[in-house]
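# Structural features, examined
Below, each chain spelled out in residue letters.
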Amino acid sequence: MGRTQGVNSRGLSIQIDFYYLGKRCRETLKLEPTKANLAFAQRMKSTILHEIAIGTFTYSKHFPNSKNARLGSKTTNKTVSQALDEFIEASRRTLEKSTWRDYRSSIEHHLKPHFGEMRLNDVTSSIIKSWIGGLTISNKRINNVLIPLRTIFDDAYSDGLVERNPVSRISNLSVRTEEPHPFNPDEIKSILDVLSPQGANLIQFAVWSGLRTSELIALEWGDIDFKANVVRVRRATVNKHTKQPKTRAGERDVKLFPPALDALKNQRQFTFLAGGRVFNNPRTNFPWETDGQIRKTLWMPALKKAGVLYRNPYQTRHTYASTLLSAGENPLWVASQMGRKDWGMIRKRYGRWIPDVDTSAGGKVMEFWSQIGHKDVVNV
């Protein structure tokens, strides 16, 4: 038998000859060099060359007993701690500051203490699962903590530093979405009654504008168009860092209904002349810095004093949505007012408040407001 394109007869065997990573490789198949076996070897050679060309060739898969079996397979003594340090440093400029801080916290408080000194190659899926089982934080928090770990192992696997990605078989834990539990008019009135004037202005505006707490904190007087009766949402403040909304839909113009306008007019006496932020912390008379400040120093005491069942401040946003939908506003328009790109979430979360009616955007709430007047909303 002869030789054909790198496939040669070698006594009672067949040798395949090819180049990989600049090295000439010769591998022997313990097959009698018959015509059929030579054809088989030629097909094998073609497959190998194709895999090399597209970057999927694994030497050990074809020749597990070869002295070259580890060729192209990288090994590393890099520790998880080193990989995490590289990740957090590289992502400093690509992530939102609040997200970056959250990842850094996850790394320092959860990942490094458990995995830090382990080599990447020594981490297994069973080790990760056992660690997850011992955590006492929420499922949502666990999913977030896993993000940096997933990232470093995705990168290590892509770079050939590990043969298996131990996190690829770890699914995110289920997270139960908090159901909307909006406030009724009597509860809103009770809350507003126990608040200081500036605190009441903030909460009344929140209920009737649907802005997120981060958007309320960042709101400036220059964002209010009193002629058009709209508030232009263009920024949010998270962990004392002001940024643009995450999505284009988040940048929006929100229609101002009479109760929201009343809250702004009442707030003018406190902050308008300064020309900056709209809402101040009444305890310090400086702008609010974080949502935690509002929740702990204003919101929680107010609900306790008013005797209203505690719900987190985000429920003011649910109250806004349910009010508009109950009045018959177009769900798609409500979604746009809340900074959502479509109304899928609105339908899913607020479906029970959507009646089978449709009309011009904003009209029904205005009609509703004209009927109940100002008696159910406290002007402060």
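As shown above, the structure is provided for reference.
The structure presented is a predicted model; accordingly, all values stated were derived computationally and were not measured.

### Quick look at the pairing of strand β2 (residues 7-10)
Bridge count for β2 against strand β3 (residues 13-20) is 4 bridges, and the pairing is antiparallel. Directly across from Arg-10, in β3, lies its bridge partner Ser-13. Once β2 ends, the chain turns through 2 residues before running back antiparallel as β3, passing Gly-11 with a positive phi of about 65°.

### Details of the packing of aromatic side chains
Tallying each qualifying case throughout the model produces 13 aromatic pairs. Centre to centre, the rings of Phe-18 and Tyr-59 are 6.0 Å apart; their planes meet at 35°, and the pair counts as tilted. Of this pair, Phe-18 sits in strand β3 while Tyr-59 sits in helix α2 (residues 59-62), and the two are 41 residues apart along the sequence. Here Phe-18 and Tyr-59 have matching classes, each one buried. Here the aromatic rings of Trp-221 and Phe-272 are separated by 5.2 Å at their centres, their planes lie at 80°, and the arrangement is edge-to-face. Here Trp-221, found in the loop between α9 (213-218) and β5 (224-225), pairs with Phe-272, found in the loop between α10 (258-271) and β10 (280-281); they are 51 residues apart in sequence, far enough to count as distant.

### Re unusual backbone geometry
In this structure, Asn-229 is a non-glycine residue whose phi angle is positive, near 55°. Checked against the element boundaries, Asn-229 lands in the loop between β5 and β6 (230-233). We classify Asn-229 as partly exposed; its relative accessible area is 30%.

### A look at the nonpolar core
A general feature of soluble globular proteins is that nonpolar side chains tend to end up buried together. Among the nonpolar cores identified, the biggest contains 48 residues, and Ile-191, Ile-203, Phe-205 and Phe-279 are the most heavily contacted of them. The leading source of residues in this core is helix α8 (residues 197-209), at 7 residues. Setting aside anything within four residues of it in sequence, one finds Ile-203 in contact with Ile-191, Leu-192, Leu-195, Leu-298 and Trp-299. The next biggest cluster of nonpolar side chains, apart from the first, holds 27 residues, and it includes Leu-135, Ile-142, Phe-153 and Ala-156.

Rules of the game
- Residues numbered from 1 in each chain as written.
- Predicted model: local features only at pLDDT ≥ 70, side-chain atom pairs only at ≥ 80, totals over all residues.
- Heavy atoms only, no water.
- Pairing = 2+ DSSP bridges.
- Helix = DSSP H or I, 4+ residues; strand = E, 2+ residues; numbered from the N terminus.
- Phe/Tyr/Trp six-rings, centres within 6.5 Å; stacked < 30°, edge-to-face > 60°.
- Buried < 20%, exposed > 50% of the residue type's maximum accessible area, 1.4 Å probe, protein only.
- Core = buried A, V, L, I, M, F, W, Y, C linked by side-chain atoms within 4.5 Å.
- Contact = heavy atoms within 4.5 Å.

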